[in-house]
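Residue-level structure breakdown
One-letter residues, chain by chain:
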Amino acid sequence: MAESEVDLTAEKYEKHREAGEILSQVRTETAERVEVGASHLEIAQYAEDRIRELGGKPAFPVNISIDEEAAHATPSIDDEETFGEEMINLDIGVHIDGWLADTAITVDLSGNPELAEASEQALEAAIDIIEPGVDTGDIGAEIEDVINGYGYNPVVNLTGHGLGHWEQHTSPNIPNRAVSQGTTLEVGDVVAIEPFATDGGGKVTEGASEEIFSLEREGSVRNRQARDALEQITEEFRTLPFATRWLETDRAEMALRRLKRNNIVHGYPVLKEDDGYLVSQKEHTVIITEDGCEVTTL
């Protein structure tokens, strides 16, 4: 689509903005509640409930990643974990009628403020160069330079991403390092920029635990609990990620196992650095405008 044809006042962009406004407030309020001894589950539920109170819906379960964890960690229904002197990443999403905003912040209780600062400054540097025609590889180079300048590594196998309608991750990918063949951003693109910085090697791998899922395809199952779960998933979450603890059917874990076995849903294992290392994260959602970008989650 030519630049002149993109109407940034269209309803979908207004919904992206509304989602971002709600999300900005919820991120701030939630981060203020993170302290040693606070409950992971209560923090996640606070954020998700607050999103609904303000007129939005969670775009995915609140991610609470601790120390070496980078993504896809969310409390289970009976989670009893509390925060210690750790590095904590909060990744939160909101949607209005399927139009999304996505943001993340590091709350450092571990005594490593420079690592948190590295991802934050990398994000600011990336946003400074975003405009129509910029190559995503150049954005990645900017992120990598800033993080390397702090003496840390970017997490190279996690990227920023586009935000679609009822789709949390779409093209283009926004790398966290320099790449030779990127994608050119255009007016009207809605993208989440999310640098991850680590004192580890810079590559995450899949852990064993899985509490977040999303619909893979439509299907049918005989089991009543699995059928009830699938009905809620397709009606309420559609293709967006959801948490086991959101399901209203009894024996939700068993229902999900059946749906997964039938390739109707797929899970998101926790992604983590090697044990003993730390990961920080900072993320904003932006709309590409004629002369730069508009940050919806400030």
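Residues numbered from 1 in each chain as written. Predicted model: local features only at pLDDT ≥ 70, side-chain atom pairs only at ≥ 80, totals over all residues. Heavy atoms only, no water.

Note the following rule: UniProt positions are given in the numbering used here, feature names are shortened, and annotations may be inferred rather than shown by experiment.
The protein appears in an unreviewed UniProt entry as Methionine aminopeptidase from Natronorubrum halalkaliphilum. Entered under Subunit (unreviewed entry) in the UniProt record, the comment concerning the protein runs "Monomer." In UniProt, the protein has this text filed under Function (unreviewed entry): "Removes the N-terminal methionine from nascent proteins. The N-terminal methionine is often cleaved when the second residue in the primary sequence is small and uncharged (Met-Ala-, Cys, Gly, Pro, Ser, Thr, or Val)."

Here we look at the sheet that holds strand β9 (residues 196-198)
Counted only if it meets this: When DSSP finds two or more bridges between two strands, those strands count as paired. By definition, any uninterrupted DSSP run of H or I lasting at least four residues is a helix, any uninterrupted run of E lasting at least two residues is a strand, and each is numbered from the N terminus.
With respect to topology, 3 strands assemble into an open sheet ordered β5-β9-β13, the strand pairing being antiparallel. Taken across any chain shown, the strands that pair with only one partner, and hence form the sheet edges, are β5 (153-154) and β13 (279-281). Sheet topology places β5 next to β9; 2 bridges connect them, and they run antiparallel. Each bridged residue has a counterpart across the sheet, and for N153 the counterpart in β9 is T198.

Quick look at a negative patch on the surface
The criterion, for reference: Patch membership is restricted to residues that have no salt bridge and whose relative accessible area is over 30%. Joining uses 9 Å for like charges and 5 Å for the nonpolar side chains Val, Leu, Ile, Met, Phe, Trp and Tyr. Shrake-Rupley sampling with a 1.4 Å probe provides the accessible areas, and residues are treated as covered by the protein chains on show and by no other component. Here, a salt bridge means any Lys or Arg side-chain nitrogen found within 4 Å of an Asp or Glu carboxyl oxygen. None of His or the chain ends enter the tally, which takes Lys and Arg as positive and Asp and Glu as negative. Here the site of a charge means atom NZ of a Lys, CZ of an Arg, CG of an Asp or CD of a Glu. For every residue, the accessible area obtained with a 1.4 Å probe (protein chains only) is divided by the maximum for its type, and the residue is called buried under 20%, exposed over 50%, and partly exposed between those limits.
On the surface, E114, E117, E120, E124 and D128 cluster together into a patch of negative charge. We classify E120 as partly exposed; its relative accessible area is 33%.

Remarks on helix α6 (residues 252-261)
Buried within α6 are the following residues: A252, M254, A255, L256 and L259. One or two positions beyond α6, positive phi appears at N263, with a value near 60°.

A word on the sheet that holds strand β3 (residues 87-96)
Let me state the cut-off plainly: Lines fitted to C-alpha atoms define the axes here, with helix axes fitted over just the stretch in contact, and angles between the N-to-C directions of these axes take values from 0 to 180 degrees. In what follows, residue pairs with any heavy atoms lying within 4.5 Å of each other are defined as contacts.
The 3 strands lie next to each other as β1-β3-β4, forming an open sheet whose pairing is antiparallel. The open sheet terminates on both sides in strands that have one partner only, identified here as β1 (57-66) and β4 (99-108). Averaged over all pairs of adjacent strands, the angle between their axes in this sheet comes to 10°, without regard to strand direction. In the sheet, β1 pairs with β3 via 7 bridges, with the strands oriented antiparallel. Paired with K57 across the bridge in β3 is H95. Relative to the sheet, helix α2 (residues 40-53) contacts β1 and β3, its axis offset from that of β1 by approximately 155°.

Some thoughts on the layout of surface pockets
Applicable threshold: Site definitions follow a grid-based scheme: protein atoms alone, a 1 Å grid, a 1.4 Å probe that fits but cannot get out for cavities, and for pockets an open set with protein on both sides within 12 Å along at least five of seven lines, plus lining residues having an atom within 4 Å of a point. Grid points are joined across faces, edges and corners, and a volume is the space filled by probe spheres set on the points. Classes in brief: Ala, Val, Leu, Ile, Met, Phe, Trp, Tyr, Cys and Pro nonpolar; Asp, Glu, Lys and Arg charged; the others, Gly included, polar. Note that domain bounds follow an automatic or database assignment of domains.
Counted as a void, the largest pocket has a volume near 420 Å³. Lining the largest pocket are 23 residues; nearest its centre among them are H72, H161, Q168, H169 and Y268. Breaking the lining of the largest pocket down by element, the ones donating at least two residues are β1, β7 (167-174) and β12 (265-272). When its residues are assigned to classes, the lining of the largest pocket shows 9 nonpolar, 10 polar and 4 charged. Domain assignment of the residues forming the lining of the largest pocket places at least three in each of domain 1 (11-207 + 270-295) and domain 2 (212-268). There is about 260 Å³ of room inside the second largest pocket. Taken together, 17 residues form the lining of the second largest pocket, with E69, A73, T74, D79 and E81 sitting closest to its centre.

Quick look at the pairing of strand β14 (residues 284-289)
The buried fraction of β14 amounts to 6 of the 6 residues, a majority that puts the element mostly inside the structure. As judged from the 4 bridges shared by strand β8 (residues 190-193) and β14, these two strands associate in the antiparallel manner. Of the residues in β14, the one forming a bridge with I193 is H284. The hairpin formed by β14 and strand β15 (residues 292-295) contains 2 residues between the paired strands.

A closer look at the packing of helix α1 (residues 11-32) against α2
Put simply, the rule is: Any angle that falls under 35 degrees is termed roughly parallel, while one over 145 is termed roughly antiparallel, one within 65 to 115 roughly perpendicular, and all others oblique. Rotating anticlockwise by less than a right angle from the far helix to the near helix defines a left-handed crossing, while the corresponding clockwise rotation defines a right-handed one.
The N-to-C vectors of α1 and α2 enclose an angle of 155°; their axes lie 10 Å apart at closest approach. By the angle class used here, α1 and α2 are roughly antiparallel. Regarding α1 and α2, the two cross each other, and that crossing is right-handed. Of α2, the residues touching α1 (which contributes I22, Q25, V26, E29 and T30) are I43, Y46, A47, R50 and I51.

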